[in-house]
Amino acid sequence: MDFVAPLVPLALGAGRLGNFINAELWGRPASVPWAMVFPNVDSVPRHPSQLYEFALEGVVLFAVLWWYSRRPRPRGAVSGAFLLGYGLVRFLVEFTREPDRFLGLLALGFSMGQWLSAPMVIAGAAMIVWAYHSAPASKA
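Residues numbered from 1 in each chain as written. Predicted model: local features only at pLDDT ≥ 70, side-chain atom pairs only at ≥ 80, totals over all residues. Heavy atoms only, no water.

A.B. asks: What should I look at first to understand the environment of Val 4 in this one?
C.D. replies: In this structure, Val 4 sits in the segment before α1 (8-21). Taking C-alpha positions, Val 4 is 22 Å from Gly 18, a pair spaced 14 residues apart along the chain. (Helix = DSSP H or I, 4+ residues; strand = E, 2+ residues; numbered from the N terminus.)

A.B. asks: Can you help me understand unusual backbone geometry in this one?
C.D. replies: Working note: non-glycine residues mostly have negative phi, and peptide bonds are mostly trans. The phi dihedral of Ala 23 is positive, around 55°, even though this residue is not glycine. Along the chain, Ala 23 falls in the loop between α1 and β1 (36-37). A relative accessible area of 17% means that Ala 23 is categorised as buried. If you check the backbone angles, Leu 25 has positive phi at about 55° while not being a glycine. Structurally, Leu 25 is set in the loop between α1 and β1. A relative accessible area of 29% means that Leu 25 is categorised as partly exposed. (Buried < 20%, exposed > 50% of the residue type's maximum accessible area, 1.4 Å probe, protein only.)

A.B. asks: What is the right way to read the packing of aromatic side chains from this model?
C.D. replies: Aromatic rings considered in pairs are described by the distance between their centres and by the relative angle of their planes. Following the criterion strictly, the structure yields 6 aromatic pairs and no others. These aromatic residues form a ring-pair network of at least three members: Phe 91, Phe 95, Phe 110 and Trp 115. In this arrangement the basic side chain of Arg 73 is found over the ring face of Tyr 68, its NZ or CZ atom lying 4.2 Å from the centre. (Phe/Tyr/Trp six-rings, centres within 6.5 Å; stacked < 30°, edge-to-face > 60°. Lys NZ or Arg CZ within 6 Å of the ring centre and 35° of its normal.)

A.B. asks: What am I meant to see in the pattern of salt bridges here?
C.D. replies: Pairing between side chains of opposite charge can happen when the charged atoms of each approach one another. Scanning the entire structure with this criterion turns up 8 salt bridges. Note that Glu 57 is salt-bridged to Arg 16, the shortest N-O span being 3.2 Å. In this pair, Glu 57 is assigned in helix α2 (residues 49-69) and Arg 16 in helix α1, connecting sequence segments 41 residues apart. Both residues of the pair, Glu 57 and Arg 16, count as buried. Across the salt bridge formed by Glu 94 and Arg 90, the nearest N and O atoms sit 3.1 Å from each other. We note that Glu 94, like Arg 90, is buried. Members of the salt-bridge network, linked through shared partners, are Arg 16, Glu 53, Glu 57, Arg 90, Glu 94 and Arg 97. (Salt bridge = Lys/Arg side-chain N within 4 Å of Asp/Glu carboxyl O.)

What follows is the structure, given as structure tokens:
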């Protein structure tokens, strides 16, 4: 998984571009200059949350993981960094994304995507801690 993890953001980014092209998973209403109207939804300018996710889940996460994985790391550290990074980015971008109509916002005002991302952040952090604490001591 450590070998594959840095490449996964490229696939996630491609999927988010597909969401944008198909006008799926649009954002919440917004008054920012780059807000877009999704005619299949309504005439309200909205966050292009698919592009935020493309940039953060795809490009930025790929660059960070590629850089992080260039040096030898303990087994599980790169996979943990992926889970932590993906969960964190997804959690944050969900603030700009329109929640599913049939669910709305759930407990604490979080969306289902945020509730599903929180365990990824925790698992990723736990994997990183485990990887560094279970790695054999290096000889100096």
